[in-house]
Each structure stands twice: as structure tokens, then as C-alpha cells.
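Structure assessment
Listed below, chain by chain, are the residues.
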Amino acid sequence: MTRRTPPAPTPTSFRRDINGLRAWAVMSVVLFHLGVPGLRGGFVGVDAFFVISGFLMTGILLKGLDAGKVSIGDFLLARARRILPALLLLCLGLLLLGARVLLPLDYKQLASHSLASLTFLSNFKYWGEAGYFDASSHEKWLLHTWSLSVEWQFYLLLPCLFWALWRLQWGRKALWSMLAGLGLLSLALSIWQSFSDPTAAYYGLQSRAWEMLLGGLLHLAPAWRPGQERQRRLLEAAGFALLVGSVFFIDGRWPWPGLPALLPTLGTAAMMLAARQDSPLTASAPLQYLGSRSYSLYLWHWPACVLLSYLGLNQQALPQMLALLAMLGLAELSWRLAEQGAGRSLNRQPARQAWIQLGSWTALPALLALGLWVAQGWPGRLPAAAEAIAAAAARPSSANKACHVSEGRHSPMCKYGDGPPAFVLLGDSHASVLVSAVKDALPAGRSMLQLSYSGCPYVLDARFDTPWTSAHYDCAGFNQWARDTIRALPPDVGVILVSRYASRALGANEDPPEERRPAIDFPASGPIDPDRLGHFAAQIIRDSCELAAQRPVWLVRPIPEIGRHVPHLISRRLAMGQDPELGLAWADYQERNGWIWKAQDAARRQCGVRIVDPTSLLCDTRRCATSHQGQPLYMDDNHLSAYGSARLVPVFRQALQAGQPMLEAANAASAVLPGELPAGLSDALPHAWPTGLPPPAAGLAAPRPAAPQGPATVQPSTSP
């Protein structure tokens, strides 16, 4: 008995394979955003959705072309009936929820994003704000609606193209040629922009259109003949392998959606071409259930992820499981109320009445969002302490920015205080935020110099991998310049070294665990270093002792890195009546930084450097604090705030006073008498002061903040 080959589906029939594909696409996106280990490329589910959407929309328009009528209005109304009810329910629900849990600035942002989503302009909104993979993306409740905006913009243009070709009677050959040409142009632009402007490439229709046009071009494929079931199974299996492989092996470091995006899109296209309606890969009951609710699940999954991040629970297994159940429940509710209930009601109405109904429904969340935006997020709803902390964290500060550089090789070498310099504060952004603490701990009549560079620990003979910087970033060059510059200073000028070594060696702990990667290597270790920490520790000792051979040196213990935006989380937890103290377990701090302590201790034994330990005030035997008397000690996830820095003044004062005899001994041995920097230093020591480098600049001295009496008097932080 021979097996009968199932007939290929007609363009108007329900496609169980496409419905199953929707399930795979939405599951990959949801699990990726929940942080399930291994699914580094789950975001490719959006690309699969684009191919599916292009195929279905082109099919609808081809049907109109065959009937001799292409109506742009009817096409857009059908899309609005499908998309708007569930989107309106989402925006209204979030705006109502925000009244209870969102701080004014967050609420105002949600209102602004709601308006952008309701007008299908959110991709432009987020394009102008930030990148998709940055940390702040987890604070944007409607970020995922960028893909709906891209689709809607495609829906506006595609029927216009069909209508023009129909009116000109150019025929299908011209249509396919034009679709293919536009698709290739969009793909080329996508490949170019994914390198030149990744954010524009990610959010822009111009670099996404080819994925939807690829779906439309599938209608060119000839129908399957009887007896070709084996070929269809092989094609489906190959497509599934491409799609699943993309989920597991692609990650956010790939240029996207450039050439690599061909993998999941071609995989999706291959499965759709196979058109197997009874395939176990797509036709099972669970997949059909998820596929039918994929739109509502996609809409509600991201706000659930943002809520987890909002509460600081986004890396805990139990809250993630509960969030997944909540997503499924909300998707079911949205599917029943919006997609089935409101959608079917609209389908029974004449076109004019349906547009009026949609307009009136849209007006409710739109006017609410507009009012909240005008009202600045409705301040005064939540505890005053929470609102004060959130407002202070959002205020920009220009202090120290001119003195902390991130490009080139040179620093303005800002000077703080009066009198001759006693110390050079050297390091990365962790050094820059400690300027006020060191300045307030200076001996009377002495000053300090700042040499700091973003993401640049003082480590010589190292290769720095920093993809997020500009082409002018040169950490290695800056370190060499700093070394030569310090050599030219009098020997009674000590050096205080502060760096976030662990971020370079192990990856930033604010990133998800699967995305943390080392960003430093050493020439002696080769391209793949099996003992990176060993080489790193040895270099710390070597560079510290080289400085200590010339002058007194203080090594600062690593500042605890919390890994979560402290002011945001504290203010939000206060708003919800929760304990604001987050804390970092001491064991976790030591696991990440113990090797640095050992290197610093070894340098102390070998060459007599001194140690400054901020953890003596920031930590106890159980944990490192994130707040003190209701005030955040951090400005973000790893940099101390001005208040946190001020807490360390006693630690620095004690350490620097204990080292005063070393400075006096170095001064006595020096031929340079105490005073300002030696006149004519640039002429006497040209290697220390490159041509054109200005003399030490006057520092932007920030006053030490007074200890606050209550949470409402928050000191603005200093940006690194």
C-alpha cells in the first residue's frame, strides 16, 4: 500500500505549517528574553515572523490582483482589525498598571512610548533612543512594538506597489522583478548598515524589508507534484535545522540583520515552501495552540520581562517561571477578548463603521498617554523618598566629564586643590568617580592630578578588545602616555591606582551570564589565553612595582560591582513598599575579585605598595551594601555616586596619612623642591609632554556632599 502525498495547500487555505512556525518563532523570542541559557539567538524569531508576514500579505494582495481589484483601504482595514484590538488592550493595561507601580519619569516614558506604538512609529522612537541589546532596553515596556511598526510601514507601501502595477497593467512578471529588485537592494543596505549603523539597521524598514519581500517571493515557487513527499521532508528538515541552529549559535555580537540573517530567514522560507500540513515539526496540538496565540503572546511577553527587571528578579529561576505562566495567561485573555471578541465584532461591521470604532477605541489609551506625558508622569502618587531618588538619578551632571576621556591618547590632567600635587589618581571610570573622595582626603596645602580613561585599567603590554568604543579609542596608547607623564613628575608625587579589572578579565557583570566575555589579552599568552587571570595578575604586580620604584604607590581594592542599576531598583522597590537594600553577597564579591586581592597583596610584599580598602566601609562579612540611610551608594550598576564616594573619604584620609612619611622621604631625596609643577617641564622632558598637549587643567572640583538627613535630599551623582 503506497502512502498518499497530502495535497499542497491553496493560497486561501489555513496553513497549519505556518501556524506551527509562528509557535517556534514566538517561543524562541520569549525564552530568549527570559534569559534561558543557550538560546543566544532567540531574537531571530522576529525575522521568522517577518518572512511569514510577507508571504501572507503578498498572498492577500495577489488574490485581489487576480480578482481585478486592489483596494488599499480594504487591505489596511483588514490589517487594523487584526493588529489594533490586542495592541490597544496592551497599551491601556500598561498605562493603568503604571499608575500603581511606575515612578514619574518611568510613567512619562511609558506614555511617550505608548503614543509611538499606537501611531506605529515606535521603531523610529527606539532607533533614536538606544540600541536593542543595551541594558536600558529592559526599562522600556513597549520596546518590542518596534517590529509591529516596521510591519505596518511595510503594509502601507506594499499595496501601493500592487495598486500601481495593477493600474499600469504591467503584469506579474514585472511585479516579481520589482519585488526581487527591491529585496536585493534592501538586503544590500542591511548588510552595509549592520556595520556602519547597527541601530538603524536593526530598527529600520529599509534594512528589514527584504525579509518580508523574501516571504512574498515564495509565491513564485511552483506547486508540488504528487510523489514529492520525500523532497518536501528534506527541505523542511533543512529549513528547521537552519532556524534552530540560528537560535543556538547566533548572538547579539553578530552584525544584524545583515548577511547572517539569511540563515533563519531562508530556514523559515524552506519550511514554508515544504508546506507539510501533517508534519510533527509544526502540526502538533501544543504548537497549533501557541501559534494561534502567538501575536498576543508576543505582545504580553516583553512587559512581563520588564517587570522582572523592574523588580530586580530577572535572573532568578522561580520568578522567571511564574512570569512565563503569566505571559501564557495574559496571551489567552488577550486572544479571547481582543483577537476573537473585538476582532470578530469589527469584521461584521461595514468599513466606515469599523474605522470609526477603531478610532474611538484608539482614542482612549492615546488621550490617556498624552495627558500623562503632559503631566510629567503624574508626580506625587508614590512615596516621596522613591520619587526623589529616581529624580536625582535622572539628573545629568557635567562634573568631571571634561577630565575623564574616552578617545585619543592624552588626558587634560586636571588638577584639584591648591598647592603642589601630592598624588596622581590613575585608572578608569572607577577612578574618575573617586576624585572628590581623594581631594577631600588630601593633606593641607596639597593638590591632586586626575589621569583617567574610560574602560582602561592601568595595564601595560596588553591587547584591549573594546567593540563598543569609537575608532579613536586607544587605551594602550593612553597607558603608555600616562607612564611617561608620571615619570616626569617629582618623586614626591604618589600614584593612586583604581581600576575595574574584573570587567576586563571576566566580562561586565551587568550583562547576562552567557554574554560575559573577557576583553583583554596579553602578547605573551597568544590569541587564546588558558591562564588569562594569571597573566593579568602578573601584569598588575609588574606595573605597580615599576611605579613604586620611583614614587609611593597606593592600590585601591576593587569597588563592588552590583550588576544592577542601583538607584532605579532602590527607588522602584521603595515605590512598591519593598526593602530597598539589594546588597551583593561577600562571597560573590570575593569570587569575582579574589585574584585581584592576591595580586595587590603580592605587590605589597614585593615592592612596598600600600593598600586602600573601600570595602571596609562598603561591606561587612556577609554582603556589600548598595545604600546608606536610604541613599544609593551607586549612580548605576558599578560606579559609586557622589554620596557613595563621600562615604570613602575617611578610608582615603587614613591610608594617605599613613603614607605621609613615604612622601616626605621621597621629597627629601628629590632635587625638585615642593611647589607647582616644574616650569618648562615640557621642554626638559619632551617624551612626557607631547607637542601640543596643554598644561594641567583646572579640575572641576565637586564639593563633598553633606550626609543627607532623609531620602528626599539626594545629592546628584557624578557621571564617569
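Residues numbered from 1 in each chain as written. Predicted model: local features only at pLDDT ≥ 70, side-chain atom pairs only at ≥ 80, totals over all residues. Heavy atoms only, no water.

A closer look at the overall build of the chain
- The helix and strand inventory of the chain stands at 28 helices and 13 strands.
- A buried classification covers 54% of the 720 residues belonging to the chain.
- Taking as baseline every contact in the chain between residues at least 6 positions apart, the subset at least 24 positions apart corresponds to 80%.
- Here the chain displays about 30,300 Å² of accessible surface, and carbon together with sulfur accounts for 62% of that area. (Helix = DSSP H or I, 4+ residues; strand = E, 2+ residues; numbered from the N terminus. Buried < 20%, exposed > 50% of the residue type's maximum accessible area, 1.4 Å probe, protein only. Contact = heavy atoms within 4.5 Å. Areas by Shrake-Rupley, 256 points an atom, 1.4 Å probe, with all protein chains shown as cover.)

Brief notes about the confidence of the model for the chain
- Averaged over all residues, the pLDDT of the chain equals 85, while 86% of them reach at least 70.
- Between residues 131-135, whose pLDDT stays under 50, and residues either more than four places distant or in other chains, the model counts 13 contacts.
- Ignoring residues within four places in sequence, the model shows residues 671-720, a span with pLDDT below 50, making 103 contacts including any to other chains. (pLDDT = per-residue confidence, 0-100.)

Section: the side chain of Ser627
- Structurally, Ser627 can be placed in strand 12 (residues 627-628).
- Other than its neighbours up to four places away in sequence, Ser627 contacts Ile570, Glu581, Pro632 and Leu633.

Here's the deal with the state of the cysteines
- Counted under the stated rule, the structure contains four disulfides.
- The disulfide bridge from Cys545 ends at Cys607, spanning 2.1 Å between sulfur atoms. On the sign convention where negative is left-handed, the bridge of Cys545 and Cys607, at about -75 degrees about the S-S bond, is left-handed. Here the residue Cys545 occupies a position in helix 21 (residues 532-548), and Cys607 occupies one in helix 23 (residues 586-607), the gap between them amounting to 62 residues.
- When the cysteines of the chain that form disulfides are numbered from the N-terminus onward, they connect as 1-2, 3-4, 5-6, 7-8. (Disulfide = S-S within 2.5 Å.)

Things to note about the pattern of salt bridges
- Evaluation of the coordinates by the stated rule reveals 23 salt bridges.
- For the salt bridge of Arg208 with Asp47, the shortest nitrogen-to-oxygen distance reads 2.7 Å. One end of the pair, Arg208, is in the loop between helix 8 (198-203) and helix 9 (209-217); the other, Asp47, is in helix 2 (residues 44-66), with 161 residues separating them in the sequence. Considered together, Arg208 and Asp47 belong to a single accessibility category, that of buried residues.
- Put simply, Arg208 and Glu211 hold a salt bridge, and the shortest N to O gap is 3.3 Å.
- Taking relative accessible area as the criterion, Arg208 reaches 0% and is therefore assigned buried.
- Members of the salt-bridge network, linked through shared partners, are Glu229, Arg232, Glu236 and Arg276. (Salt bridge = Lys/Arg side-chain N within 4 Å of Asp/Glu carboxyl O.)

Examining helix 14 (residues 317-347)
- Its 31 residues give helix 14 an end-to-end C-alpha distance of 42 Å, which sits within 8% of 45 Å, the value for a rise of 1.5 Å per residue.
- Along helix 14, the largest kink reaches about 35 degrees and is centred on Trp335. (Expected span 1.5 Å × (residues − 1). Bend = angle between axes of the 7 residues up to and from the residue.)

Quick look at the side chain of Asp428
- Note that Asp428 resides in the loop between strand 3 (421-427) and helix 17 (429-432).
- This buried residue, Asp428, is left without a salt bridge; Arg500 holds the nearest opposite charge, at 6.9 Å.
- Within the structure, Asp428 has its side chain in polar contact with the backbone nitrogen of Arg500 (distance 2.7 Å).
- Those residues in contact with Asp428 that lie beyond four places of it in its chain are His404, Ser452, Tyr453, Gly455, Cys456, Pro457, Val498, Ser499 and Arg500. (Lys, Arg positive; Asp, Glu negative; His and termini not counted. Polar contact = N/O pair within 3.5 Å; in protein donor to acceptor, adjacent residues only side chain to side chain.)

Quick look at the environment of Gly608
- Mapped onto the elements of the fold, Gly608 is located in the loop between helix 23 and strand 10 (610-612).
- Looking at Gly608, the relative accessible area reads 41%, which means it is partly exposed.
- When the C-alpha atoms of Gly608 and Pro552 are compared, they prove to be 8.5 Å apart, with 56 residues separating the residues in sequence.

Thoughts on the packing of helix 3 (residues 72-101) against helix 15 (residues 351-374)
- Remark: helix 3 packs on helix 15, axes separated minimally by 10 Å, with the N-to-C direction vectors making an angle of 30 degrees. In terms of their interaxial angle, helix 3 and helix 15 are classed as roughly parallel. Judged by the sense of rotation from one axis to the other, the crossing of helix 3 with helix 15 is left-handed. For the pair helix 3 and helix 15, contact is made by Gly73, Leu76, Leu77, Ala80, Arg81, Leu84, Leu88, Cys91, Leu92, Leu95 and Leu96 and by Ala351, Ala354, Trp355, Leu358, Trp361, Thr362, Leu364, Pro365, Leu368, Ala369 and Leu372, respectively. (Axes fitted to C-alpha atoms, helices over the stretch in contact; angles between N-to-C directions. Parallel < 35°, antiparallel > 145°, perpendicular 65-115°, else oblique. Left-handed = near helix turned anticlockwise from the far one by under 90°.)

What to know about the pairing of strand 6 (residues 494-498)
- Of all five residues making up strand 6, five are buried, and the element is well covered by its neighbours.
- Burial along strand 6 is two-sided: Gly494, Ile496 and Val498 and Val495 and Leu497, pointing in opposite directions, are all buried.
- Two strands pair when backbone bridges link them, and strand 3 and strand 6 are joined in this way by five bridges, in the parallel orientation. Following the sheet pairing, Val424 is matched in strand 6 by Val495. (Pairing = 2+ DSSP bridges.)

A few points about the environment of His219
- Inspection of the secondary structure assignment puts His219 in the loop between helix 9 and helix 10 (229-249).
- Separated by 157 residues in the primary sequence, His219 and Leu62 place their C-alpha atoms 9.1 Å from one another.
- Among all residues touching His219, those that are not within four sequence positions of it are Phe55, Thr58, Gly59, Leu62 and Trp176.

Examining the pairing of strand 8 (residues 553-556)
- Burial of strand 8 is two-sided: the residues Val553 and Leu555 facing one way and the residues Trp554 and Val556 facing the other way are all buried.
- Here strand 8 runs beside strand 10; their pairing, made up of three bridges, is parallel. Residue pairing for strand 10: Val556 is matched across the bridge by Val612.

Looking at the packing of aromatic side chains
- Tallying each qualifying case throughout the model produces 22 aromatic pairs.
- Taken together, a centroid distance of 6.2 Å and an interplanar angle of 65 degrees make the contact between Phe49 and Tyr298 edge-to-face. Here Phe49 is found in helix 2, whereas its partner Tyr298 is found in helix 13 (residues 294-310), with 249 residues between them in sequence.
- Here the aromatic rings of Trp146 and Tyr202 are separated by 5.1 Å at their centres, their planes lie at 55 degrees, and the arrangement is tilted. Of the two residues, Trp146 sits in helix 6 (residues 146-168) while Tyr202 sits in helix 8, which places them 56 residues apart along the sequence.
- A residue is classified by how much of its surface remains accessible, and Trp146, at 0% relative accessible area, is buried.
- Here the basic side chain of Arg208 rests over the ring of Tyr202, its NZ or CZ set 4.6 Å away from the ring centre. (Phe/Tyr/Trp six-rings, centres within 6.5 Å; stacked < 30°, edge-to-face > 60°. Lys NZ or Arg CZ within 6 Å of the ring centre and 35° of its normal.)

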